[in-house]
Amino acid sequence: QTIEEIWESVSRTKSADLNPPPSKIVLTPRSAEACLRHGLNPEILRIRPLDSFDVKGVDPTVQRLRHETYTQRRFEMMR
């Protein structure tokens, strides 16, 4: 498989919006290779602002916890 084919298959994977389909992401060849080697969707490594976790009817405390968990998981994946 080519990087593009793997990218397309990973891009279609979605789980409760925690792994959204990638928007136009520009990766360096080294970053693309590292993501491919480790099986990571580059979109889940993107920095997301607190506002992106805002869901109507959800308590702001839950929103903050989701953001903190996402950020912590993001840092763990980049190790």
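These figures come from a predicted structure and were not determined experimentally.

Visitor: Can you help me understand the overall build of the protein in this one?
Guide: When helices and strands are tallied, the protein shows three helices and zero strands. Long-range contacts, defined here as pairs at least 24 residues apart, represent 38% of the contacts in the protein between residues at least 6 apart. Put simply, the protein shows about 6,200 Å² of open surface, and 55% of that area lies on carbon and sulfur atoms.

Visitor: Explain the environment of Gln 63 to me, please; I cannot follow it from the model alone.
Guide: With respect to the helices and strands, the residue Gln 63 is situated in helix H3 (residues 60-77). Judged by relative accessible area, which is 10%, Gln 63 ranks as buried. Beyond its immediate chain neighbours, meaning those up to four positions away, Gln 63 contacts Leu 50, Asp 51, Phe 53, Asp 54 and Val 58.

Visitor: When you look at the packing of aromatic side chains in this model, what are you seeing that I'm missing?
Guide: Each pair of aromatic rings is reported with the distance of its centres and the angle of its planes. By the definition in use, this model includes one aromatic pair. Sitting above the plane of the Phe 53 ring, Arg 48 keeps its charged end 3.9 Å from the centroid. The side chain of Arg 48 reaches across the aromatic face of Tyr 70, ending 5.1 Å from its centre.

Visitor: So what exactly am I meant to see when it comes to H3 here?
Guide: It helps to recall that an α-helix has 3.6 residues per turn; residues three or four apart then point in one direction. The end-to-end C-alpha distance of H3, which contains 18 residues, comes to 26 Å, matching closely the 26 Å that a straight helix rising 1.5 Å per residue would cover. Where H3 is concerned, the buried positions are Gln 63, Tyr 70 and Arg 74. Seen end-on, H3 carries its buried residues on one side only, within an arc spanning 35 degrees. Residue Asp 59 occupies the N-cap position of H3, its side-chain oxygen lying 2.9 Å from the main-chain nitrogen of Thr 61.

Visitor: What's the story with the pattern of salt bridges in this structure? I'm lost.
Guide: If the charged atoms of two oppositely charged side chains come close together, the side chains can form a pair. Evaluated as defined, the whole model comprises two salt bridges. Put simply, Arg 46 and Glu 43 hold a salt bridge, and the shortest N to O gap is 3.9 Å. For Arg 46, a relative accessible area of 33% puts it in the partly exposed group. Judged by its relative accessible area of 11%, Glu 43 falls in the buried class.

Visitor: Can you walk me through the confidence of the model for the protein in this structure?
Guide: Note: predicted coordinates in regions of low pLDDT should not be interpreted at a detailed level. Of the residues in the protein, 73% reach a pLDDT of 70 or more, and the chain-wide mean stands at 80. Across the protein, the element-wise mean pLDDT spans from 66 in helix H1 (residues 3-11) up to 91 in H3.

Visitor: Looking at this structure, how should I read the side chain of Asn 41?
Guide: Inspection of the secondary structure puts Asn 41 in the loop between helix H2 (29-38) and H3. Take Asn 41: its relative accessible area is 3%, and that puts it in the buried class. A polar contact of 3.0 Å, which involves the side chain of Asn 41, links it to the backbone nitrogen of Glu 43.

Reading guide: rules and limits
Residues numbered from 1 in each chain as written. Predicted model: local features only at pLDDT ≥ 70, side-chain atom pairs only at ≥ 80, totals over all residues. Heavy atoms only, no water. Helix = DSSP H or I, 4+ residues; strand = E, 2+ residues; numbered from the N terminus. Contact = heavy atoms within 4.5 Å. Areas by Shrake-Rupley, 256 points an atom, 1.4 Å probe, with all protein chains shown as cover. Buried < 20%, exposed > 50% of the residue type's maximum accessible area, 1.4 Å probe, protein only. Phe/Tyr/Trp six-rings, centres within 6.5 Å; stacked < 30°, edge-to-face > 60°. Lys NZ or Arg CZ within 6 Å of the ring centre and 35° of its normal. Expected span 1.5 Å × (residues − 1). Arc of directions from axis to C-beta. Polar contact = N/O pair within 3.5 Å; in protein donor to acceptor, adjacent residues only side chain to side chain. Salt bridge = Lys/Arg side-chain N within 4 Å of Asp/Glu carboxyl O. pLDDT = per-residue confidence, 0-100.

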